[in-house]
Amino acid sequence: MKVIVDFDRCESNAVCMGIAPEVFEVRDDDYLYILDENPPEALRPKIEEAVRSCPKAAITLEG
């Protein structure tokens, strides 16, 4: 699976980081970083929740 973030839509509000900190991180520069674009399958439920919870619908999941 691959995590994709549309950075044009992302507001770096850290909702995704709160759900899946293993994959998403908002740093001191107030930008979102993807820590693992191809996370293990075990994280799928958390990532799917992050996709659903993103207020700007900026996260998608392939695979």
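Residues numbered from 1 in each chain as written. Predicted model: local features only at pLDDT ≥ 70, side-chain atom pairs only at ≥ 80, totals over all residues. Heavy atoms only, no water.

Asker: Can you tell me about the pattern of salt bridges, naming the residues and giving the values?
Answerer: This model, assessed by the stated rule, comprises 5 salt bridges. Residue Glu 11 pairs with Lys 56 through a salt bridge whose shortest N-O separation is 3.7 Å. With Glu 11 in the loop between strand 1 (2-5) and helix 1 (15-19) and Lys 56 in the loop between helix 2 (44-53) and strand 4 (59-62), the pair connects residues that are 45 residues apart, well separated along the chain. Glu 11 sits in the exposed class, given a relative accessible area of 52%. Among the residues examined, Lys 56 registers a relative accessible area of 36% and is labelled partly exposed. Across the pair Arg 44 and Glu 41 runs a salt bridge whose closest N-O atoms are separated by 2.4 Å. Each of the salt bridges in this network shares a partner with another, and the network as a whole consists of Glu 41, Arg 44 and Glu 48. (Salt bridge = Lys/Arg side-chain N within 4 Å of Asp/Glu carboxyl O. Helix = DSSP H or I, 4+ residues; strand = E, 2+ residues; numbered from the N terminus. Buried < 20%, exposed > 50% of the residue type's maximum accessible area, 1.4 Å probe, protein only.)

Asker: Describe the side chain of Arg 44, listing the residues and the values that go with them.
Answerer: In this structure, Arg 44 sits in helix 2. A polar contact is formed between the side chain of Arg 44 and the side chain of Glu 41, at a distance of 2.4 Å. In contact with Arg 44, other than residues within four places in its own chain, are Met 1, Leu 61 and Gly 63. (Polar contact = N/O pair within 3.5 Å; in protein donor to acceptor, adjacent residues only side chain to side chain. Contact = heavy atoms within 4.5 Å.)

Asker: Describe in detail unusual backbone geometry, supporting the description with residues and values.
Answerer: Only a minority of non-glycine residues have a phi that is not negative, and only a minority of peptide bonds are not trans. With phi around 55 degrees, Ser 12 is a residue other than glycine that occupies positive phi space. Of note, Ala 14 is a non-glycine position whose phi angle comes to about 70 degrees, a positive value.

Asker: Talk me through the nonpolar core; I want residue IDs and the actual numbers.
Answerer: Val 3, Val 5, Cys 16, Val 23, Phe 24, Leu 32 and Ile 59 are the most contacted members of the largest nonpolar core, which has 16 residues in total. At the level of secondary structure, the elements contributing two or more residues to this core comprise strand 1, helix 1, strand 2 (24-26) and helix 2. For Val 5, the residues in contact, after removing those within four places along its chain, are Cys 10, Phe 24, Leu 32, Ile 34, Ala 58 and Ile 59. (Core = buried A, V, L, I, M, F, W, Y, C linked by side-chain atoms within 4.5 Å.)

Asker: Residue-level account of the packing of aromatic side chains, with values.
Answerer: Under the criterion given, the structure shown has 0 aromatic pairs. Directly above the ring of Tyr 33 sits Arg 27, whose terminal nitrogen or CZ lies 3.9 Å from the centroid. (Phe/Tyr/Trp six-rings, centres within 6.5 Å; stacked < 30°, edge-to-face > 60°. Lys NZ or Arg CZ within 6 Å of the ring centre and 35° of its normal.)

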